[in-house]
Amino acid sequence: MTLPPSAATPLLELQGISKTFGSVQAVRDLSLSVEEGEFVTVVGPSGCGKSTLFNMVAGLDEPDPGGILRFKGRGCHAHELLGRVSFMPQRDLLLPWRNVVDNAILANEIEGANRAEARAKALRMLPEFGLTGFEKQYPHQLSGGMRQRVALMRTFLFERDLMLLDEPFGALDALTRTLMQRWLLDVWQRHRRTILFITHDVDEAIFLGDRVLVMSARPGHVKHARRVDLPRPRAAELVTSPEFTALKREILEAIEEESMKSFVASNGAVAA
Ligand SMILES: Nc1ncnc2c1ncn2[C@@H]1O[C@H](COP(=O)(O)OP(=O)(O)OP(=O)(O)O)[C@@H](O)[C@H]1O
Ligand SMILES: [Mg+2]
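Since the model is a prediction, treat every value here as computed from it, not as a measurement.

### What about the sheet that holds strand 10 (residues 222–227)?
Backbone-to-backbone hydrogen bonds join strands into a sheet, with any given pair of strands oriented parallel or antiparallel.
Phase 1 of the analysis: With mixed pairing, the 6 strands of this open sheet are ordered in space as 6-7-8-3-9-10. Of all the strands in the sheet, the pair left with one neighbour each is strand 6 (85–88) and strand 10. For this sheet, the mean angle separating the axes of adjacent strands, direction not counted, is 15°.
Phase 2 of the analysis: Pairing analysis gives 5 bridges linking strand 7 (residues 162–166) to strand 8 (residues 194–198), with the strands arranged parallel.

### A word on the site of ligand 1
Phase 1 of the analysis: In the vicinity of ligand 1 lie 15 residues, with Ser46, Gly47, Lys50, Ser51 and Thr52 positioned nearest.
Phase 2 of the analysis: Within the backbone of Gly47, one N or O atom sits 2.8 Å away from an oxygen atom of ligand 1.
Phase 3 of the analysis: At 3.0 Å from an oxygen atom of ligand 1 is found a main-chain nitrogen or oxygen belonging to Gly49.
Phase 4 of the analysis: Among the residues forming the shell around ligand 1, the class breakdown is 5 nonpolar, 7 polar and 3 charged.

### What about the sheet that holds strand 1 (residues 12–21)?
Phase 1 of the analysis: On the basis of which strands lie adjacent, the open sheet formed by 4 strands has the order 2-1-4-5 and antiparallel pairing. Edge strands, defined here as strands with exactly one partner in the open sheet, are strand 2 (24–34) and strand 5 (74–75).
Phase 2 of the analysis: Pairing geometry for strand 1 and strand 4 (residues 68–71), over 4 bridges, is antiparallel. Looking at strand 4, one finds that Glu13 is bridged to Arg70.
Phase 3 of the analysis: Sheet contacts for helix 1 (residues 50–57): strand 1 and strand 2; angle to strand 1, the most-contacted strand, approximately 115°.

### Some thoughts on the coordination of the magnesium ion (ligand 2)
Phase 1 of the analysis: Each protein donor to the magnesium ion (ligand 2) is listed here as Ser51 (OG) and Gln90 (OE1); together their distances run 2.1 to 2.4 Å. With a gap of 39 residues between them, Ser51 in helix 1 and Gln90 in the loop between strand 6 and helix 2 (100–104) connect regions that are remote in the sequence.
Phase 2 of the analysis: Looking at Ser51, the relative accessible area reads 23%, which means it is partly exposed.
Phase 3 of the analysis: Given a relative accessible area of 43%, Gln90 falls into the partly exposed group.

What counts, and where the lines are drawn
Residues numbered from 1 in each chain as written. Chains lettered and ligands numbered in written order. Predicted model: local features only at pLDDT ≥ 70, side-chain atom pairs only at ≥ 80, totals over all residues. Heavy atoms only, no water. Pairing = 2+ DSSP bridges. Helix = DSSP H or I, 4+ residues; strand = E, 2+ residues; numbered from the N terminus. Axes fitted to C-alpha atoms, helices over the stretch in contact; angles between N-to-C directions. Near = heavy atom within 4 Å. Polar contact = N/O pair within 3.5 Å; in protein donor to acceptor, adjacent residues only side chain to side chain. Nonpolar A, V, L, I, M, F, W, Y, C, P; charged D, E, K, R; others polar. Contact = heavy atoms within 4.5 Å. Donors = N, O, S within 2.8 Å, 3.2 Å for Na, K, Ca; no water. Buried < 20%, exposed > 50% of the residue type's maximum accessible area, 1.4 Å probe, protein only.

Pasting the structure below:
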């Protein structure tokens with residue numbers, strides 16, 4: 001008889017995961033776990049394997065043999081996770097010929113959901129995503145922030161236990177980005193999904209996360225994991241508090257060390 005996973009079982013666990021593309025080892029011996037309901041942010045130098053990690057967890061890429069991947073306590077192959085997690089890739093991938101609502105329901109439609117029902121649900125969600133009145137607009141008629149919200153809405157509409165967001169606010173200006181962060185926390189607090197979130201912005205990683213994972217230079221693994229014990233709901237002023245600043249210094253130091261390694265690896269010795 002197999003016992004059901006206990007409440008303490010992490011939603012996602014990776015142990016000793018590696019991924020090689022030809023002569024490039026993108027990820028090596030990466031381990032992490034994510035608890036149900038947690039908001040985990042991931043930072044690390046460019047090219048260290050963050051998106052590769054997400055592609056594996058989304059079931060789009062299989063890791064090299066040897067590592068262990070568990071979802072809800074059960075060991076599985078990456079491809080078995082396809083369709084079990086919702087994934088917002090690094091580029092928003094809105095289809096230019098579909099309007100806002102039809103872009104938002106794309107994943108549900110591919111899954112075979114009833115189109116009218118999915119549309120009705122998307123329409124109900126529009127106000128929460130700040131898109132009221134824009135349901136018939138096409139991507140080229142939207143601002144960058146609105147496009148990101150449509151892509152996020154698509155990820156939320158595809159209701160899965162785990163959401164992967166790969167730099168969802170990467171293309172936004174600083175002010176819009178701050179507003180989107182606060183908005184996302186608000187939506188997250190209401191929907192209570194488990195989120196893994198990649199960002200290059202340390203403030204964003206701390207402001208949003210229950211935990212921040214710092215990845216090493218390529219081949220990537222989790223070099224440093226830091227719990228963020230800052231109260232929720234998080235107010236904008238938090239970012240100037242001494243606790244926030246101390247955390248930021250610690251995480252920046254860990255990233256800078258790794259970014260320097262990756263810079264030296266790709267540029268040879270640093271000129272004096
Ligand atoms: N499909 C692929 N085929 C070959 N190489 C790949 C593939 N995907 C990723 N890589 C390589 O793996 C390494 C890690 O890439 P990845 O996109 O995961 O980095 P990243 O941490 O997401 O970077 P960024 O912060 O710039 O988005 C890079 O050297 C990249 O060239
Ligand atoms: Mg990436």
